[in-house]
Amino acid sequence: MEYTHEIGEGKLNLYIHLETGILLLFLTMIVWTQTERANVPGFYSRNPRQQIVGLSIVFALLSLGFASLLYNVSPLLGIALAAGFTISLIHPANALCFFVLMLFLRPWEILTTQPLLLALPRLLAAVCFVSWLLYPGKSGKPTVRTSSALVLFTVYSVWLFLTTFRVPDVAAAQVDWFSTFFKSIIVLLLCVSFIESEKSVREFELTLVLSALALMGVGLYQFLSQRASSGRLESVGSFGDSNDLASLIIMSVPFALIPVFNKSTGLVRQIFGLIFSVFSVLVIWLTNSRGAFLALFVQILAFLALRSSRKSWRPMALLGGILGLGFFAALKAIPRAPEEMEASQESRITYWKAAVNMTLHNPIWGVGFDQYPDNYESYASGVKYEWGRRTAHSSWLLAFAESGLIGGLLYVLFFLAVVRTAWRNRQEWPAQFYALAGYGVAMTFLSHTYGIYIAVLSGLILASNSIKERAAYE
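Quantities reported herein were computed from a predicted structural model and do not represent experimental measurements.

Observations concerning the overall build of the chain
Turning to step 1, where the next piece is worked out: When you go through the chain residue by residue, the secondary structure sums to 19 helices and zero strands.
Turning to step 2, where the next piece is worked out: Counting across all 474 residues of the chain, residues that qualify as buried make up 53%.
Turning to step 3, where the next piece is worked out: Sequence separation of at least 24 residues holds for 77% of the intrachain contacts in the chain that already meet a minimum separation of 6.
Turning to step 4, where the next piece is worked out: For the chain, the exposed surface amounts to about 21600 Å²; the carbon and sulfur share of it is 67%.

So this is what it looks like as structure tokens:
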């Protein structure tokens, strides 16, 4: 899905400026984190002056080249990108965060003919590799418990790839596997390998918050400027519709809000966390996403459950009841026509039934990777509203439909392994557990099986667990 088809040529530069602003904010955060790292003895090389001079030369050359290539678009964006690439060479975690941020901002989908922007994904992957070569000692190492989840994900990935041999067009399916799901594999492995300390954990969490902020800003501007025919705030670009945007917000809110309740958090970050959370609730409301409301409700309940002692179960039950009434009241207040809500609900049930039928008729291999849309009409029963190429609208059912019982079970076991890890570390990193709980609910109603969302969050949780276990043995 291209931006030019959605917003028109006249507003493309404004979208670029919005994303440039977020990129500058991100660079400020990275510099702050890097300053904290610099206080650790022995962080810099034996020749820090040479390192600074070398990085300055790299930044100057990249700024000159990028600014000239993006002169007709935004020279400031070129300079910001140059700064991002330069700071990525200082620490692998910086390179990872820059990579993930750009995967969410995706400026190459704003200007689809700009050569530099189109080359960014490969350049970002390359700078991650170079940073790892420069600082192999600053990379994380998976522990035994982390490795078990990685094994499950690896086996599932291999199994999913094998299903491509059973589809009508094997070559096209495998190209699609490499262009979509393979990115999730790379992101997961980079997270586990590059997030090596608590500072890197915090840096990565803030990266997710800023990514969500960027997409919320772009989506809100689009909503206010041209008012979608559906009356809903919609996402822009390849990340899809309103529900996709809402799921990213649900995943990111805990990383901004939970530090507010920590006494050691600075005032600036507390204020930012509160503003971000209020803005997030507003955007979620404008998306009219029922799954996001349910996910937010689950996150609040999880927060109350973890912060309440066993002796205070009655107040918690009362609060839970109040929240439940508020949740159903919010669903009733969603400004969507009853006919549209009914059609959406019935269509989703039809999608799920089709996924179940695909699994039952193809229990071993499923219908094959990315074959649900082509097989939807053949397995759908009682289609009333929507025909043609559709998706399962459930990450779990999609895994079973396209990779069979074995593939679906591997995917669920991997997720449960990550849930167990997040639960075990709920005291050290409670925001990660809340993020996974909320996103787990949201992805139940979305086809995010192969997207980078779950890879990003799972990689963060598994890397954090490795940090904790390594510290326990030192």
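The rest of the description comes next.
Some details on the pattern of salt bridges
Turning to step 1, where the next piece is worked out: One pass over the structure, following the stated rule, counts three salt bridges.
Turning to step 2, where the next piece is worked out: The closest approach of N and O atoms between R202 and E36, which form a salt bridge, is 2.4 Å. Linking R202 in helix α10 (residues 198–226) with E36 in helix α2 (residues 12–38), this pair joins segments that are 166 residues apart in sequence.
Turning to step 3, where the next piece is worked out: Under the relative-accessibility criterion, E36 is labelled partly exposed at 25%.

Overview of unusual backbone geometry
Peptide bonds are, in most cases, trans, and in most cases residues other than glycine have a negative phi.
Turning to step 1, where the next piece is worked out: Despite not being glycine, D370 shows a phi value in the positive range, around 60°.
Turning to step 2, where the next piece is worked out: Relative to the assigned elements, D370 resides in the loop between α15 (338–361) and α16 (372–379).
Turning to step 3, where the next piece is worked out: For D370, a relative accessible area of 30% gives the class partly exposed.
Turning to step 4, where the next piece is worked out: Positive phi outside glycine occurs at H393, with the angle close to 55°.

With respect to the side chain of S88
Turning to step 1, where the next piece is worked out: Summarising the element assignment, S88 is placed in helix α4 (residues 75–88).
Turning to step 2, where the next piece is worked out: Given a relative accessible area of 0%, S88 falls into the buried group.

Focus: the environment of C191
Turning to step 1, where the next piece is worked out: With respect to the helices and strands, the residue C191 is situated in helix α9 (residues 181–194).
Turning to step 2, where the next piece is worked out: Distance in space between the C-alpha atoms of C191 and L96 is 7.1 Å, their sequence separation being 95 residues.
Turning to step 3, where the next piece is worked out: The residues contacting C191, other than those within four sequence positions of it, are L96, F204, V456, G459, L460 and A463.

Comments concerning the confidence of the model for the chain
Turning to step 1, where the next piece is worked out: Of all residues in the chain, 81% attain a pLDDT of 70 or more, and the chain-wide mean is 83.
Turning to step 2, where the next piece is worked out: Note that residues 1–10 has pLDDT below 50 and, in this model, 27 contacts with residues that lie over four places away or in other chains.

Re helix α18 (residues 430–442)
Turning to step 1, where the next piece is worked out: With 13 residues, α18 ought to run about 18 Å at 1.5 Å a step, and its terminal C-alpha atoms sit 19 Å apart, in line with that.
Turning to step 2, where the next piece is worked out: Burial analysis of α18 places 11 of its 13 residues in the buried class, which makes it a mostly covered element.
Turning to step 3, where the next piece is worked out: Along α18, the residues that are buried comprise A431, Q432, F433, Y434, A435, L436, G438, Y439, G440, V441 and A442.

Some words on the layout of surface pockets
Turning to step 1, where the next piece is worked out: Empty space within the second largest pocket amounts to approximately 1200 Å³.
Turning to step 2, where the next piece is worked out: Those elements that place two or more of their residues in the lining of the second largest pocket are α2, α10, α12 (267–287), α13 (290–307) and α18.
Turning to step 3, where the next piece is worked out: Among the elements that take part in the lining of the second largest pocket, α10 stands out by supplying seven residues, more than any other.
Turning to step 4, where the next piece is worked out: A class-by-class count of the residues in the lining of the second largest pocket yields 18 nonpolar, eight polar and nine charged.

A look at empty space enclosed by the protein
Turning to step 1, where the next piece is worked out: Taken as a whole and judged by the stated rule, the model has three cavities of 30 Å³ or more.
Turning to step 2, where the next piece is worked out: If you add up the space inside the largest cavity, you get close to 50 Å³.
Turning to step 3, where the next piece is worked out: Of all elements in the fold, only α2 and α5 (92–105) reach the threshold of two or more residues within the lining of the largest cavity.
Turning to step 4, where the next piece is worked out: By residue number, the principal contributor to the lining of the largest cavity is α2, which donates four residues.
Turning to step 5, where the next piece is worked out: For the lining of the largest cavity, the residue count by class is six nonpolar, one polar and one charged.

A short note on the nonpolar core
Turning to step 1, where the next piece is worked out: If you look at the biggest cluster of nonpolar residues, it comprises 138 residues, and the most contacted ones within it are F26, L81, F204 and Y372.
Turning to step 2, where the next piece is worked out: At 14 residues, α10 tops the list of elements feeding residues into this core.
Turning to step 3, where the next piece is worked out: Setting aside residues no more than four positions away along its own chain, L81 makes contact with L23, F66, L70, F98, M102, L117 and L120.

Section: the environment of W429
Turning to step 1, where the next piece is worked out: Within the element layout of this structure, W429 appears in the loop between α17 (395–424) and α18.
Turning to step 2, where the next piece is worked out: Counting along the chain gives 32 residues from W429 to I461, while the straight-line C-alpha distance between them is 8.7 Å.
Turning to step 3, where the next piece is worked out: Sequence-distant contacts of W429, defined by excluding residues within four places in its chain, comprise E198, V201, E205, S464 and K468.

Some remarks on a nonpolar patch on the surface
Turning to step 1, where the next piece is worked out: A contiguous nonpolar patch, built from F129, V130, W132, L133 and L134 and spanning about 470 Å² of accessible area, is present on the exposed surface.
Turning to step 2, where the next piece is worked out: Note on placement: L134 falls in helix α6 (residues 115–134).

Thoughts on the packing of aromatic side chains
Turning to step 1, where the next piece is worked out: Evaluated as defined, the whole model comprises 31 aromatic pairs.
Turning to step 2, where the next piece is worked out: Both rings, one in F161 and one in F165, keep their centres 5.8 Å apart while their planes meet at 90°; by these two values the pair is edge-to-face.
Turning to step 3, where the next piece is worked out: Judged by centre distance (6.0 Å) and plane angle (55°), the ring pair of W177 and F181 falls under tilted.
Turning to step 4, where the next piece is worked out: On the basis of relative accessibility, which here comes to 6%, the residue W177 falls in the buried class.
Turning to step 5, where the next piece is worked out: For R426, the ring lying beneath its charged end belongs to W423, and the centroid distance is 3.8 Å.

Observations regarding helix α7 (residues 144–162)
Turning to step 1, where the next piece is worked out: The end-to-end C-alpha distance of α7 is 27 Å, a good match for the 27 Å that 19 residues give at a rise of 1.5 Å each.
Turning to step 2, where the next piece is worked out: Those residues of α7 not exposed but buried are T146, A149, L150, F153, Y156, S157, W159 and L160.

Rules behind the numbers
- Residues numbered from 1 in each chain as written.
- Predicted model: local features only at pLDDT ≥ 70, side-chain atom pairs only at ≥ 80, totals over all residues.
- Heavy atoms only, no water.
- Helix = DSSP H or I, 4+ residues; strand = E, 2+ residues; numbered from the N terminus.
- Buried < 20%, exposed > 50% of the residue type's maximum accessible area, 1.4 Å probe, protein only.
- Contact = heavy atoms within 4.5 Å.
- Areas by Shrake-Rupley, 256 points an atom, 1.4 Å probe, with all protein chains shown as cover.
- Salt bridge = Lys/Arg side-chain N within 4 Å of Asp/Glu carboxyl O.
- pLDDT = per-residue confidence, 0-100.
- Expected span 1.5 Å × (residues − 1).
- 1 Å grid on protein atoms, 1.4 Å probe; cavity = no way out; pocket = protein on both sides within 12 Å on 5 of 7 lines; lining within 4 Å.
- Points joined across faces, edges and corners; volume = space filled by probe spheres on them.
- Nonpolar A, V, L, I, M, F, W, Y, C, P; charged D, E, K, R; others polar.
- Core = buried A, V, L, I, M, F, W, Y, C linked by side-chain atoms within 4.5 Å.
- Patch = residues over 30% accessible without salt bridge, like charges linked within 9 Å, V, L, I, M, F, W, Y side chains within 5 Å.
- Phe/Tyr/Trp six-rings, centres within 6.5 Å; stacked < 30°, edge-to-face > 60°.
- Lys NZ or Arg CZ within 6 Å of the ring centre and 35° of its normal.

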